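Examination of the molecular architecture
The primary structure of each chain is shown beneath.
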Number of protein chains: 2
Amino acid sequence: MMMAIAMKRAAAAAATRAISTANSGSILTRHLHASSGKKKIVGVFYKAHEYAEMNPNFVGCAENALGIRNWLESQGHEYIVTDDKEGPDCELEKHIPDLHVLITTPFHPAYVTAERIKKAKNLQLLLTAGIGSDHVDLKAAAAAGLTVAEVTGSNTVSVAEDELMRILILVRNFLPGHHQVISGDWNVAGIAHRAYDLEGKTVGTVGCGRIGRLLLQRLKPFGCNLLYHDRIQMDSELENQIGATFEEDLDKMLPKCDIIVINTPLTEKTKGMFDKERIGKLKKGVLIVNNARGAIMDTQAVVDGCNSGHIGGYSGDVWYPQPAPKDHPWRYMPNQAMTPHISGTTIDAQLRYAAGVKDMLENYFKGEEFPPQHYIVKEGELASQYR
Amino acid sequence: MMMAIAMKRAAAAAATRAISTANSGSILTRHLHASSGKKKIVGVFYKAHEYAEMNPNFVGCAENALGIRNWLESQGHEYIVTDDKEGPDCELEKHIPDLHVLITTPFHPAYVTAERIKKAKNLQLLLTAGIGSDHVDLKAAAAAGLTVAEVTGSNTVSVAEDELMRILILVRNFLPGHHQVISGDWNVAGIAHRAYDLEGKTVGTVGCGRIGRLLLQRLKPFGCNLLYHDRIQMDSELENQIGATFEEDLDKMLPKCDIIVINTPLTEKTKGMFDKERIGKLKKGVLIVNNARGAIMDTQAVVDGCNSGHIGGYSGDVWYPQPAPKDHPWRYMPNQAMTPHISGTTIDAQLRYAAGVKDMLENYFKGEEFPPQHYIVKEGELASQYR
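Residues numbered from 1 in each chain as written. Chains lettered and ligands numbered in written order. Predicted model: local features only at pLDDT ≥ 70, side-chain atom pairs only at ≥ 80, totals over all residues. Heavy atoms only, no water.

Along its length, chain A carries 15 helices and 13 strands. Computed over its C-alpha atoms, the radius of gyration of chain A comes to 22 Å, within 12% of the 21 Å expected for a compact globule of 387 residues. In terms of overall dimensions, chain A has C-alpha extents of about 70 × 50 × 35 Å along its principal axes. Within the span of chain A, comprising 387 residues, buried residues form 60% of the whole. Within chain A, residue pairs in contact and separated by at least 24 positions form 66% of the contacts whose partners lie at least 6 positions apart. (Helix = DSSP H or I, 4+ residues; strand = E, 2+ residues; numbered from the N terminus. Rg over C-alpha atoms; globule rule 2.2 N^0.38 Å. Buried < 20%, exposed > 50% of the residue type's maximum accessible area, 1.4 Å probe, protein only. Contact = heavy atoms within 4.5 Å.)

In structure tokens:
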């Protein structure tokens, strides 16, 4: 423990030396942690308007700004917060040329393109308040020597719980029943003819990292047949404890599933992976839960599947782009149980990712390392799940 | 095992003797199983209309009549099925004077009043396809020497799963998000300011019979603080395995709970037990899930609690009366996640309770006993949970 700290300090000292000697704009200066000087930090969060004051723990909105404004300003840093993130005249764009740190979230993503990275001459650090940094051009960030980090683990439980809720909502055909209530109807048959128990059904997760595992653990007492596909098989002790079966070949697993849950990051490989052809091979009436990223699905293929009944239900909180436009077809397809991007931004999650961002900023100011699992881009390298 | 069967046969033989010798209309003739003769059986189920043919396993509706018509008629019994159950001119009323067996469900309850029991001179057996026989005047049934039985266990898993779904829907504030989607909006803050994780919250179940235990088992991996109140404490091995704490005093448990789930039958004691006073003592913002019976709540007290925000959310599938009229105030109160009575009538549950009803009819025709846990009224005595 003491040794680790000593090593971190040494690394930080090296970083300080590197910054003071290297040329501005080189990979070296940009990826290493700055240890001194007043910084310009920009945060992009969703606006809460009248909701901002309703809950003192609602720290994830633009108004409450992760609850770190006083802390940052008391140390002389500048802290700009906005929700205005799109187009050449937006508030974010104004600050791109001179910001040092940009804090973003997946819930209201500021798309950090190669172009923006190029313009951001002082940028050193991109922090994601939450999990999922695909709104950042990670290759461009790596090439520019930036550090990208997220608060790994901050909302994995939040998302896993939400996925289990969505599985139940689809399997049990909740929404048609609720719509009957608010429209003054009562027609049990209209719900029951396609309402099932989760017990005994086959559930497969595509990707089984932190969230996938938490989901499987929560599914265990439901008496399902649990399958998972991932790059790596769990160690056999964990696998036995969770009670799930590894499926090396995704396309052999998928047609077995009554319910498919997407738990893989958005990468070049996973983008559009659920296209017409792959959906066509799924069980008729399959239920799909996707809280990972909207772009993993082919938008129109999902719509067609829901319209034909080949997909029996689709639920998730992720869309492309976000916010979803008013005419996004997933709003209007049958048997959808969609919401805006919300699962990872519960009040509990906000408190955790706000604390995680604060900790990383503190490390950054001191020139210290972050917890290793938080790095998405470090020293020009992408974290394994994004490769 | 062999001995138990031998004892049952002896009991059945005794029953047959009793029927053949006792006077018509006495307690003895009516509560014992008839072993001979063609019977008139009436079933009251919800109509499915166009949905009846959509799923071959949709046996719980009036059209598909538990899938036992051919079986009954091939043995010469008469089988009348209807959904028309209210008022003096309804179809059910016509058959009351001469039916021998009445099959009802909690989802579309035929209220078996003392008056109807008095008129039903040939009635011997009341079977509930499902669980929950409070739509029968059990005291009147006992006094008349009828047998009342339900398919205990047939849909306990179905209801427990549904309760967990409702807990998550309320805790995570699902419905406002879904309503945004269908109305073309996107306002993450409008959802997030009152969305929480289930992890770490205190969940208490009022009543911890079969359904309550299944719920607690499914809640275990969520990392909650689990409490239960019941007449009887679980044995300590089961209690440890489930990880829940017994609360002898209901009113000491309730104010500790972030989430309260009702898992107690409707009896004289539980009717209206959640009145204005008791609700007033709950935690501000408490979430309540009630898939037990609507009449356990004081209807207006729930409405007032939701309107004031003292109740943060209310979800259930039970109402009084059922079907809920168009102007039932629970349809219109804020933060409700209600459905029609559906949780125990999934396709999986229907197959189980249809099989259970068939088994009991078979026993009845043979003059044999039912599985002991199925009896609600037997030989003039109410099952313990209904006393």
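The subject of this paragraph is the interface of chain B and chain A. As a measure of interface size, the accessible area lost when the parts come together is often cited. Across the boundary between the two partners, chain B contributes 67 residues, which contact 67 residues of chain A. Summed over both partners, the interface of chain B with chain A comes to about 6,000 Å²; 64% of that surface belongs to carbon and sulfur atoms. Where chain B packs against chain A, one counts 9 salt bridges. Between Arg172 of chain A and Glu161 of chain B there is a salt bridge; the shortest N-O distance is 3.1 Å. Connecting chain B to chain A are 40 residue pairs in polar contact (both at pLDDT 80 or more). (Buried area = accessible area lost by both parts, 1.4 Å probe. Salt bridge = Lys/Arg side-chain N within 4 Å of Asp/Glu carboxyl O. Polar contact = N/O pair within 3.5 Å; in protein donor to acceptor, adjacent residues only side chain to side chain.)

Residue and element names in this part refer to chain B. Taken together, the 6 strands give an open sheet; going across it, the order is β8-β7-β6-β9-β10-β11, and neighbouring strands pair in parallel fashion. Only two strands of the sheet have a single neighbouring strand rather than two, namely β8 (244–246) and β11 (311–316). On average, each strand axis in the sheet is tilted by 20 degrees relative to the strand beside it, whichever way the strands run. Strand direction decides the pairing type here: strand β6 (residues 202–206) and strand β9 (residues 259–262), joined by 4 bridges, are parallel. The residue bridging Val203 from the neighbouring strand is Ile259, located in β9. Each of β6, β9, β10 (286–290) and β11 touches helix α7 (residues 156–171); the most contacted strand, β10, lies at about 155 degrees to it. (Pairing = 2+ DSSP bridges. Axes fitted to C-alpha atoms, helices over the stretch in contact; angles between N-to-C directions.)

Moving on: the relation of the copies chain B and chain A. Of the transformation superimposing chain B on chain A, the axial component is 0.0 Å and the angular component is 180 degrees, with the fit at an RMSD of 0.0 Å. In the structure described here, the two chain copies are related by an operation that fits a two-fold rotation axis. When each C-alpha of chain B is compared by its distance to the rotation axis, Met165 of chain B comes out closest, at 2.8 Å. Comparing interface residues between copies, 100% of those in chain B also sit at the interface in chain A, which points to an isologous, same-surface contact. (Least-squares fit on C-alpha atoms with pLDDT ≥ 70 in both.)

Residue and element names in this part refer to chain A. Along the chain, His100 turns up in the loop between α4 (91–95) and β3 (101–104). Overall, His100 belongs to the buried group, its relative accessible area being 16%. Setting aside residues no more than four positions away along its own chain, His100 makes contact with Lys38, Lys39, Lys40, Asn122, Leu123, Gln124, Leu125 and Tyr364.

Right, let's get into the packing of aromatic side chains. Enumeration over the complete set of coordinates arrives at 20 aromatic pairs over all chains. An aromatic cluster is built from Trp186 of chain A together with Tyr314, Trp319 and Trp330 of chain B, whose rings are joined through pairwise contacts. Its guanidinium or amino end placed over the ring of Tyr375 of chain A, Lys378 of chain A lies 4.4 Å from that ring's centre, counting from NZ or CZ. (Phe/Tyr/Trp six-rings, centres within 6.5 Å; stacked < 30°, edge-to-face > 60°. Lys NZ or Arg CZ within 6 Å of the ring centre and 35° of its normal.)

Once that is clear, we can look at the pairing of β10 of chain B. Residue and element names in this part refer to chain B. Of all 5 residues that make up β10, 5 are buried, and the element is covered over most of its length. Burial of β10 is two-sided: the residues Val286, Ile288 and Asn290 facing one way and the residues Leu287 and Val289 facing the other way are all buried. One ladder, built from 4 bridges, connects β9 with β10; its direction is parallel. If you follow Val261 over to β10, its bridge partner there is Val289. Relative to β11, β10 is paired through 5 bridges, and the arrangement is parallel. Paired with Val289 across the two strands is Ser315, which belongs to β11. Crossover β10 to β11 through helix α14 (residues 299–308) is right-handed. (Right-handed = clockwise from strand over helix to strand, strands pointing away.)

Hydrogen bonding along the main chain pairs the strands of a sheet, whether they run parallel or antiparallel. Ordered by their spatial adjacency, 7 strands build an open sheet running β2-β1-β3-β4-β5-β12-β13 (chain A), and the pairing between neighbours is mixed. Taken across any chain shown, the strands that pair with only one partner, and hence form the sheet edges, are β2 (78–82) and β13 (381–382) of chain A.

To continue, consider the side chain of Asn290 of chain B. All names here are of chain B. Relative to the elements of secondary structure, Asn290 occurs in strand β10. For Asn290, a relative accessible area of 0% translates into the label buried. Side-chain polar atoms of Asn290 contact the backbone oxygen of Arg293, separated by 3.1 Å. Non-local contacts of Asn290, meaning those with residues more than four positions away in its chain, are made with Ile262, Met297, Tyr314, Ser315, Gly316, Asp317 and Val318.

So, about the confidence of the model for chain A. Regions with low pLDDT should not have their predicted coordinates read in detail. Confidence in the prediction of chain A, expressed as mean pLDDT, is 92, and 91% of residues score 70 or more. Scored below 50 in pLDDT, residues 1–29 of chain A shows 25 contacts in the model against residues more than four places distant or in partner chains. (pLDDT = per-residue confidence, 0-100.)

As a further point, take α14 of chain B. Residues and elements named next belong to chain B. Turning to α14, its buried residues are Ala301, Val302, Val303, Gly305 and Cys306. Structurally, α14 contributes buried residues whose contacts are with α13 (276–280) and β11. Where α14 begins, the side chain of Asp298 points an oxygen toward the backbone nitrogen of Gln300, at a separation of 3.1 Å.

Among the nonpolar cores identified, the biggest contains 73 residues, and Leu66, Tyr79, Ile103, Leu127, Phe274, Tyr314 and Leu361 of chain B are the most heavily contacted of them. At 9 residues, helix α15 (residues 347–366) of chain B tops the list of elements feeding residues into this core. Not counting residues within four places of it along the chain, the set of residues in contact with Leu361 of chain B comprises Ile68, Trp71, Leu72, Val101, Ile103 and Leu127 of chain B. Ranked by size, the runner-up nonpolar core spans 72 residues in total, among them Leu254, Ile260 and Ala292 of chain A together with Ile191 of chain B. (Core = buried A, V, L, I, M, F, W, Y, C linked by side-chain atoms within 4.5 Å.)

This brings us to the state of the cysteines. Applying the stated criterion across every chain yields a total of 0 disulfides over all chains. Cys306 of chain B carries a free sulfur, and the closest cysteine sulfur to it, the one in Cys257 of chain B, is 17 Å from it. (Disulfide = S-S within 2.5 Å.)

Residue and element names in this part refer to chain B. Burial along strand β4 (residues 125–128) is two-sided: the residues Leu125 and Leu127 and Leu126 and Thr128 are all buried. As judged from the 4 bridges shared by strand β3 (residues 101–104) and β4, these two strands associate in the parallel manner. By the bridge assignment for β4, Thr104 is matched with Thr128. Crossover handedness for the path β3 to helix α5 (residues 114–119) to β4: right-handed. Bridging between β4 and strand β5 (residues 147–150) involves 4 bridges; their strand directions are parallel. The residue of β5 that forms the bridge with Thr128 is Glu150. Once the chain exits β4 it traverses helix α6 (residues 138–143) before rejoining the sheet at β5, and the crossover so formed is right-handed.

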